[in-house]
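One-letter residues, chain by chain:
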Amino acid sequence: MDSLREYLARYAAGGIEREEMIATVAAWPLQERDLDPAHTLPDHQDNTADVLTAAALNDQLTEEDYREILARRQLG
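Here the structure is a predicted model, which is why all the values come from computation and not from measurement.

Criteria and thresholds
- Residues numbered from 1 in each chain as written.
- Predicted model: local features only at pLDDT ≥ 70, side-chain atom pairs only at ≥ 80, totals over all residues.
- Heavy atoms only, no water.
- Helix = DSSP H or I, 4+ residues; strand = E, 2+ residues; numbered from the N terminus.
- Contact = heavy atoms within 4.5 Å.
- Axes fitted to C-alpha atoms, helices over the stretch in contact; angles between N-to-C directions.
- Parallel < 35°, antiparallel > 145°, perpendicular 65-115°, else oblique.
- Nonpolar A, V, L, I, M, F, W, Y, C, P; charged D, E, K, R; others polar.
- Salt bridge = Lys/Arg side-chain N within 4 Å of Asp/Glu carboxyl O.
- Buried < 20%, exposed > 50% of the residue type's maximum accessible area, 1.4 Å probe, protein only.

Undergrad: Help me out: how do you make sense of the side chain of Thr48 in this one?
TA: Among the structural elements, Thr48 can be located in the loop between helix H2 (18-26) and helix H3 (49-57). If sequence neighbours within four positions are ignored, Thr48 has contacts with Leu4, Leu30, Gln31, Glu32 and Arg33.

Undergrad: In this structure, what is going on with the packing of H3 against helix H4 (residues 63-75)? I would like to understand it.
TA: To describe two helices that pack against each other, one gives the angle between their axes and the distance between the axes. Interhelical geometry of H3 versus H4 gives an angle of 155 degrees and a closest axis separation of 9 Å. The orientation of H3 relative to H4 falls into the category roughly antiparallel. Taken together, the residues of H4 that come into contact with H3 (itself represented by Leu52, Thr53 and Ala56) are Tyr66, Ile69 and Leu70. In the contact of H3 with H4, the residues fall into five nonpolar, one polar and no charged.

Undergrad: Mind showing me how you'd approach the pattern of salt bridges here?
TA: Oppositely charged side chains are able to pair whenever their charged atoms sit close together. One pass over the full model with this rule turns up six salt bridges. For Glu19, the salt bridge is made with Arg72, and the minimal N-O distance between the two is 2.8 Å. Of this pair, Glu19 sits in helix H2 while Arg72 sits in helix H4; the two residues are 53 residues apart in sequence, bridging distant segments of the chain. Residue class for Glu19 comes out partly exposed when judged on its relative accessible area of 45%. Assessed through its relative accessible area of 25%, Arg72 is described here as partly exposed.

What follows is the structure in structure tokens.
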């Protein structure tokens, strides 16, 4: 399975249909982000909620996509 970052990049490039992306990402098993106070640089984890948020901020997802994913995650 791809990382979430790679999957969202494929979607943004037009390689995945919107409904498929939303269903897949809404069911994606997100990992907790590792926090290490001694490690101040980004940890580059690929399957966290931070990646989803960054995709929305970087215009890989629309605001509507982002809200739909979050709504479906809450229902699931």
